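# A closer look at the structure
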Amino acid sequence: MKRRFIAAAVIAFIVGGGAWFLLTRISSEDEPSSVENLQDEPNVRIGNVELLEYGDDGSVLYKAVASAMEHSQHSDTVTLNSIDVQVALEGGANWSLAASAAIIRNATSQPETEERARIDLIGDVHVVNESDRKPILSLVGRDLTYYPNERILESQHPVTIQSESATFNANSFEFDLKSNEFHLIGSKTNRVEIEYAPITVQ
């Protein structure tokens, strides 16, 4: 009698375990996979990174130094935190584009359209051209866009540009890093303001 009870208990346990296994497997198949649920999450997170972008001729377009990088495979975007984009041009001009964050789209693939390669610099951006470690021109604005192939920097937000001789304020601008020329754009209510530095007599 005791043996029959043990055998019956074992059979019941096996049947119950098998039924539980089948039910849990069916329910797990009905749920979307964890890959699909996390497809918008960054696939790669790296701290203290240094990126080098090369042009078609093999020259270095820029070097980006950041405290952290996140790459999303789903959207193919790279987000960089505390970034400093360093651009060295012919003739010795060295530019530094520093921002709290930046986004690079189509990081590992080519866009289907003729979309220009760009870096979106988020928040307050400080742009400095240094010569012999002395800033000779500084630019402060918000949400700037840099086009590395053309060496063009632009923004549709207010900007302040300061040189050794004057300070310029405008609602939007386009800046050519190669020629060191900028186009300032005002509005009907706020024109471009220019404040010249006082001439110092030595």
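Throughout what follows, the structure given in this document is the object of discussion. (Residues numbered from 1 in each chain as written. Predicted model: local features only at pLDDT ≥ 70, side-chain atom pairs only at ≥ 80, totals over all residues. Heavy atoms only, no water.)

## Comments concerning the pattern of salt bridges
Overall, the coordinates contain five salt bridges when judged by the stated rule. A salt bridge links Arg45 to Glu70; the shortest N-O distance between them is 3.7 Å. With a gap of 25 residues between them, Arg45 in strand 1 (residues 44-54) and Glu70 in strand 2 (residues 60-72) connect regions that are remote in the sequence. Judged by relative accessible area, which is 54%, Arg45 ranks as exposed. The partner of Arg118 in a salt bridge is Asp120, with the nearest N and O atoms 2.7 Å apart. A relative accessible area of 30% places Arg118 in the partly exposed class. Using a relative accessible area of 8% as the deciding quantity, one classes Asp120 as buried. Taken together, the salt bridges that share partners define one network made up of Arg105, Arg118 and Asp120. (Salt bridge = Lys/Arg side-chain N within 4 Å of Asp/Glu carboxyl O. Helix = DSSP H or I, 4+ residues; strand = E, 2+ residues; numbered from the N terminus. Buried < 20%, exposed > 50% of the residue type's maximum accessible area, 1.4 Å probe, protein only.)

## Overview of the nonpolar core
Formed by 34 residues in total, the largest nonpolar core has its most connected members in Ile83, Trp95, Leu97, Leu121 and Leu153. Only strand 2, strand 3 (77-88), strand 4 (94-105), strand 5 (119-131), strand 6 (134-147), strand 8 (159-163), strand 9 (166-170) and strand 10 (172-176) provide two or more residues apiece to this core. Among all residues touching Ile83, those that are not within four sequence positions of it are Ala64, Val65, Ala66, Leu97, Ala98, Ala99, Ala101, Ala102 and Leu121. (Core = buried A, V, L, I, M, F, W, Y, C linked by side-chain atoms within 4.5 Å. Contact = heavy atoms within 4.5 Å.)

## So, the environment of Ala99
Looking at the secondary structure, you find Ala99 in strand 4. Between the C-alpha atoms of Ala99 and Asp124, which are 25 residues apart in sequence, the distance is 6.1 Å. Beyond its immediate sequence surroundings of up to four residues, Ala99 is in contact with Ser82, Ile83, Leu121, Ile122, Asp124 and Val125.

## A word on the environment of Val125
As for its position among the elements, Val125 is in strand 5. Residue class for Val125 comes out buried when judged on its relative accessible area of 0%. If we ignore the near neighbours within four places in the chain, the residues touching Val125 are Ala98, Ala99, Leu139, Val140, Gly141, Asp143 and Leu144.

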